[in-house]
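Understanding the architecture of this molecule
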Amino acid sequence: MKRSVVYVVGFIFLALCSMAGAKSAGAAGPFGFVIGKTSYKEALNAAQQRSWRYQEYEKKHFKPIGKKDPIRGKNTFVKATPKGMEGTKSILIFFNGESTLDAVIIIIDPKLFDVVFQQLNGKYKLVEQSLKGEYLSTDYPYALWQRDNVLIELQRSSPYRTRLLYVEKALYENYREFLNKHYPRYRHAQEKRGWMDEL
């Protein structure tokens, strides 16, 4: 029962992504955002229409930006809290110096990894994948797709965190590193216990 609920939630989440993306057929990007084309103003209008709460920050210093700040939309990102999108924790929307969309990072519930993987795998060209990461592994599951000049990466960076990245190919490495998103291969820390000396 729990598993079917996860699949239903995942299907609804992906259907919303697909319907919004239909606005620009063939272009890669979620929720109607088109990487490399959507303007700052268009992205904010879309967020407001969906009643998303959001705050804008400078990319370099993570300093919050006020609504009247002259640098709004230039080398900044908006952190949005989506409304009515179960399984989506937050959405980060990034803009370059020309106030154009550079990248989108969606933080999703790790239980949705498989459902999102299947959806993206049917929609974009798979570039590489490693799905063998396990709970106690030193590896993590991820997959990378491409459409035109946009890369799409799904990565389960820990048992508690999965992210979906849409980014221009030329900027991929920059955004893999952003907010420590290029996670070290994880293994739970294990401490020696006192009783182990007696083994």
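Everything numeric here is computed off the predicted structure, so don't read it as measured data.

Let's talk about the overall build of the chain
Secondary structure summary: the chain contains four helices and nine strands in total. Secondary structure of the chain in N-to-C order comes out as α-α-β-β-β-β-β-α-β-β-β-β-α. The burial tally for the chain puts 46% of its 199 residues in the buried class.

Regarding the side chain of Thr162
Position of Thr162 relative to the elements: it lies in strand β9 (residues 161-168). Take Thr162: its relative accessible area is 0%, and that puts it in the buried class.

Focus: the confidence of the model for the chain
Residue-level pLDDT values for the chain average 78, and 72% of them are 70 or greater. Counting contacts from residues 5-25, a segment whose pLDDT is below 50, to residues more than four positions away or on other chains yields 29 contacts. Counting interchain partners and residues more than four positions distant, the pLDDT-below-50 stretch residues 180-189 has 34 contacts.

Examining the sheet that holds strand β2 (residues 64-65)
As summarised here, the arrangement of the nine strands in space is β2-β1-β3-β4-β5-β9-β8-β7-β6, forming an open sheet in which the pairing is antiparallel. The open sheet is flanked by β2 and β6 (125-130), the only strands paired with a single partner. In terms of strand pairing, strand β8 (residues 150-158) meets β9 through eight bridges, oriented antiparallel. Residue pairing in the sheet places Gln155 in a bridge with Arg163 of β9.

Topic: the environment of Lys132
Looking at the element boundaries, Lys132 is found in the loop between β6 and β7 (142-147). For the pair formed by Lys132 and Tyr142, sequence separation is ten residues and the distance between their alpha carbons is 8.9 Å.

Rules used throughout
- Residues numbered from 1 in each chain as written.
- Predicted model: local features only at pLDDT ≥ 70, side-chain atom pairs only at ≥ 80, totals over all residues.
- Heavy atoms only, no water.
- Helix = DSSP H or I, 4+ residues; strand = E, 2+ residues; numbered from the N terminus.
- Buried < 20%, exposed > 50% of the residue type's maximum accessible area, 1.4 Å probe, protein only.
- pLDDT = per-residue confidence, 0-100.
- Contact = heavy atoms within 4.5 Å.
- Pairing = 2+ DSSP bridges.

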